[in-house]
Amino acid sequence: MTKPMPEKFDRQPSSEPEEPEQFFPTQHLKVSQTTDVGQLLVCECRNCSSPLSIEVVFLTPQNSKPRPKSKTDTKPDNEVKCPNCGRVPIFLEGCVVTSIVQLPSSPWQ
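Trainee: I tried to follow the overall build of the protein on my own but got confused; where do I start?
Mentor: Counting its secondary structure elements, the protein contains zero helices and four strands. Its helices and strands in sequence order give the protein the pattern β-β-β-β, from N to C terminus. Evaluated residue by residue, the protein yields a buried proportion of 21% over its 109 residues. Long-range contacts, defined as pairs at least 24 residues apart, comprise 51% of the intrachain contacts of the protein with a sequence gap of at least 6. Summed over all atoms, the accessible surface of the protein reaches about 9,300 Å², with 52% contributed by carbon and sulfur.

Structure, rendered in structure tokens:
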């Protein structure tokens, strides 16, 4: 015999409208292995759609230094600016950007 659900779990129609789901524009991205630790990212800037080539090194326990617990980052290591618009072209975590170059034409056109 099944027990009825307690009242607190009953779904009541909400009088408040649901917030619309946020959608972000798609961003082309191609990742290529350049060395044992390096990667080449070919992407479009999320702001101005300029084609970019970004060289990164993904941080691993073998190639990164431990940070003291008391130190907080004021500026992320991976912050990079688009050469065309000057804004952040892509959000990256766990890597260090070694170079960024604007490509003459988009590989996706």
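Trainee: Mind showing me how you'd approach the nonpolar core here?
Mentor: Nonpolar side chains tend to gather and get buried jointly when the protein is soluble and globular. With 12 residues, the main nonpolar core is built from Leu41, Cys43, Cys45, Leu52, Ile54, Val56, Val80, Cys82, Ile90, Leu92, Cys95 and Val97. Broken down by secondary-structure element, the contributors of at least two residues to this core are strand E2 (38-44), strand E3 (51-58) and strand E4 (95-102). Take this core: its biggest share by element is three residues, from E3.

Trainee: Which parts of the structure should I look at to understand the sheet that holds E4?
Mentor: Pairing is antiparallel across the open sheet formed by four strands, whose spatial order is E1-E2-E3-E4. Bordering the open sheet on either side are strand E1 (29-33) and E4, each of which pairs with just one other strand. Going across the sheet, the axis of each strand differs from the next one's by a mean of 20°, ignoring polarity. Note: E2 against E3, seven bridges, orientation antiparallel.

Trainee: Before we go on, may I ask you to explain the side chain of Ser106 in this structure?
Mentor: Looking at the secondary structure, you find Ser106 in the segment after E4. Residue class for Ser106 comes out buried when judged on its relative accessible area of 13%. A distance of 3.2 Å separates the side chain of Ser106 from the backbone nitrogen of Trp108, its partner in a polar contact. Among residues more than four places away in sequence, those in contact with Ser106 are Glu44 and Pro51.

Quick notes on the rules
- Counting restarts for each chain: residues are numbered from 1 in the order of the written sequence.
- Where local features are concerned, this predicted model is filtered to residues with pLDDT of at least 70; where side-chain atom pairs are given and counted, the filter is 80 or more; whole-chain, interface and lining totals use all residues.
- The basis for the side-chain values is all heavy atoms of the structure; hydrogens and waters are excluded.
- By definition, any uninterrupted DSSP run of H or I lasting at least four residues is a helix, any uninterrupted run of E lasting at least two residues is a strand, and each is numbered from the N terminus.
- Burial classes follow relative accessibility: with a 1.4 Å probe on protein chains only, a residue under 20% of its type's maximum area counts as buried, one over 50% as exposed, and anything between as partly exposed.
- Two residues qualify as a contact provided that any one of their heavy atoms is within 4.5 Å of a heavy atom in the partner residue.
- Residue burial considers only the protein chains on display, and all accessible areas are found by Shrake-Rupley using a 1.4 Å probe.
- The term nonpolar core refers to a set of buried residues drawn from Ala, Val, Leu, Ile, Met, Phe, Trp, Tyr and Cys, joined through side-chain atoms within 4.5 Å.
- Strands are treated as partners if at least two bridges between them are detected by DSSP.
- The axes are straight lines fitted to the C-alpha atoms, using for helices just the contacting stretch, and the angles between their N-to-C directions are given from 0 to 180°.
- Whenever a nitrogen or oxygen atom comes within 3.5 Å of another N or O atom, the pair is scored as a polar contact, on the condition that within protein one atom can donate a hydrogen and the other can accept it, and that pairs from neighbouring residues in sequence are kept only if both atoms are in side chains.

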